[in-house]
Amino acid sequence: MKKNNRKYSAYIKILKEELIPAMGCTEPIAIAYCAAKAASLLDSLPDKCTIAVSGNIIKNANSVVVPNTNGMKGIEAAAAAGIIAGNPDKALEVISSVTPEQKKQISEYLISVDFTLIPMREGNALDILITLQTQHDTAKVRISDCHTNITFMEKNGTILYEAPAACTDTSAGPTDYDLLNVEDIIEFADTVDLADMEEIIARQIKYNKAISEEGLKNDWGANIGKIILASDSSLKARAKASAAAGSDARMSGCELPVIINSGSGNQGITITMPVVVYAEELKSSKDTLFRALVVANLIAVHEKANMGRLSAYCGAVSAGCAAACGIAYLNGGKLDEIAHTLVNSVAIASGIVCDGAKPSCAAKIAAAVDCGILGYEMYLHGQQFYGGDGIVSKGVENTLKNIGRLGSDGMHETDKEILRIMTGDHG
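What is the right way to look at the sheet that holds strand 6 (residues 150-155) in this model?
Spatially, six strands are ordered 3-2-4-5-6-7 in an open sheet, and the strand pairing comes out mixed. The open sheet has two edge strands, strand 3 (114-119) and strand 7 (158-162), and neither has a second partner. Within this sheet the neighbouring strands show an average axis-to-axis angle of 10°, counted without direction. Note that strand 2 (residues 48-53) and strand 4 (residues 127-133) share six bridges and pair antiparallel. Residue Cys49 lies in a different strand from strand 4, and its bridge partner there is Leu132. Where helix 2 (residues 26-39) meets the sheet, its contacts fall on strand 4, strand 5 (138-144) and strand 6, and the angle it forms with strand 4 comes to roughly 35°.

Okay, here's the thing in structure tokens:
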């Protein structure tokens, strides 16, 4: 693919804007960012905070530890951290530089100030509206559709900024995503000038490997990564454990940043680490590893494009399947191998639901990576799933359309029921 090709430029742009750093689970961090932005409009600390959020934000922000808060969990803690110690200029690293004194202030502020949580009944799957009040002033900020996509700012009834909900923090809209397809992704990975994306991929490896190693070294979450390695030291087990361990640490408040994919740190880790582990075992060159990660990252974005960033479809599945495509590439695989790997693996694992961000995500990640590698191994043994086998259609792109339809439309009511279960709503 030539540099002046429209797709070449679009794919570079997608990689640059998708693979960005975040510290902490992206949903509570988006709340912290929104709160920090609202607080920046005021001259003093607010004495009232109203947080209106969509169901998927509640689902993904309620049970994870917010970094730099001394272990506090939940939506209110994330907002308090953003108000007291947030730097909105740092986007998804908004609370990466919190002092010990500020940690104490966050805890005290959370107790002393009136926080009100309001579930949104309508709107986008990813939607946050924070209203802060002081004695004399009111500020409102809304984030919609993407984790840093501010669509509305208001102070004292005067609108300061208003924009459509469509994402502005990703690849500049649906046109770029429409250009993604598996065949062209592989051609791009084969021909891309590594100077155009070496810094991005190198950073992804560095950050995500660091948090994976932390998850294996210390006591985090349910220690899924350690449990896997306690009974199995095979290459496949190490690939699964490396991805799970990063999630173990991240879901439990580890203060190391990760490089996300499709708005998710867990997905970013899951895409990265199995490919890195296989590359180390195969003694792959740096260039081959980087190109394999280009394949894995872009296929993951392609999978998620039709279903949205948040849904009842577990994002670990798309990430684990994409990682297996990267592994296939490391082993010399091209379109046939990668397309079959992807179809086989999504056919196996597409029933895993997302019931929010929490320690069990690490176990789902391990299962997704396992299914992805099984999909590749099926190809190596001359086995495959065929069009008409359940949600599989003839052709990888048709199957991915089916997965997108399943995640966005088919699981819409499932998503609502999961939230009702999680919040104890029996009505």
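Got a minute to help me understand the pattern of salt bridges in this structure?
Pairing of side chains with opposite charge becomes possible as their charged atoms draw close. The final tally for this structure, using the stated rule, is 17 salt bridges. As a salt-bridge pair, Asp127 and Arg142 come within 2.9 Å of each other at their nearest N and O atoms. Placement of Asp127 in strand 4 and of Arg142 in strand 5 is noted, with a sequence separation of 15 residues between them. Under the relative-accessibility criterion, Asp127 is labelled buried at 1%.

Would you mind going over the packing of helix 7 (residues 182-191) against helix 12 (residues 286-305) with me for this structure?
Axes are the key here: two packed helices are described by the angle between their axes and the distance separating the axes. Between helix 7 and helix 12, whose axes approach to 9 Å, the crossing angle comes to 155°. One element, helix 7, and the other, helix 12, form an angle in the roughly antiparallel class. Two packed elements cross with a definite hand, and for helix 7 against helix 12 that hand is right-handed. Across from Val182, Ile185, Phe188, Ala189, Asp190 and Thr191 in helix 7, the residues of helix 12 making contact are Arg291, Val294, Val295, Leu298, Ile299 and His302.

The rules behind the values
Sequence order sets the numbering: in each chain, residues are counted from 1 along the sequence as written. In keeping with the model being predicted, local features are shown solely for residues with a pLDDT of at least 70 and side-chain atom pairs are shown and tallied solely at 80 or more, while totals for entire chains, interfaces and linings include all residues. Working from all heavy atoms in the structure, the side-chain values ignore hydrogens and water. Between any two strands, at least two bridges found by DSSP are needed for them to pair. By definition, any uninterrupted DSSP run of H or I lasting at least four residues is a helix, any uninterrupted run of E lasting at least two residues is a strand, and each is numbered from the N terminus. Throughout, an axis means a line fitted to C-alpha atoms (over the contacting stretch in the case of helices), and angles, computed between N-to-C directions, take values from 0 to 180 degrees. Here, residues are in contact when the closest pair of their heavy atoms is within 4.5 Å. One side-chain nitrogen of Lys or Arg within 4 Å of one carboxyl oxygen of Asp or Glu is enough to make a salt bridge. Here's how the labels work: a residue is buried when its accessible area is under 20% of the maximum for its type, exposed when over 50%, partly exposed in between, all with a 1.4 Å probe on protein chains only. Note on terminology: angles under 35 degrees are roughly parallel, angles over 145 are roughly antiparallel, angles of 65 to 115 are roughly perpendicular, and the others are oblique. Crossing handedness is defined as follows: a turn of the near helix away from the far one that is anticlockwise and smaller than a right angle gives a left-handed crossing, while the clockwise case is right-handed.

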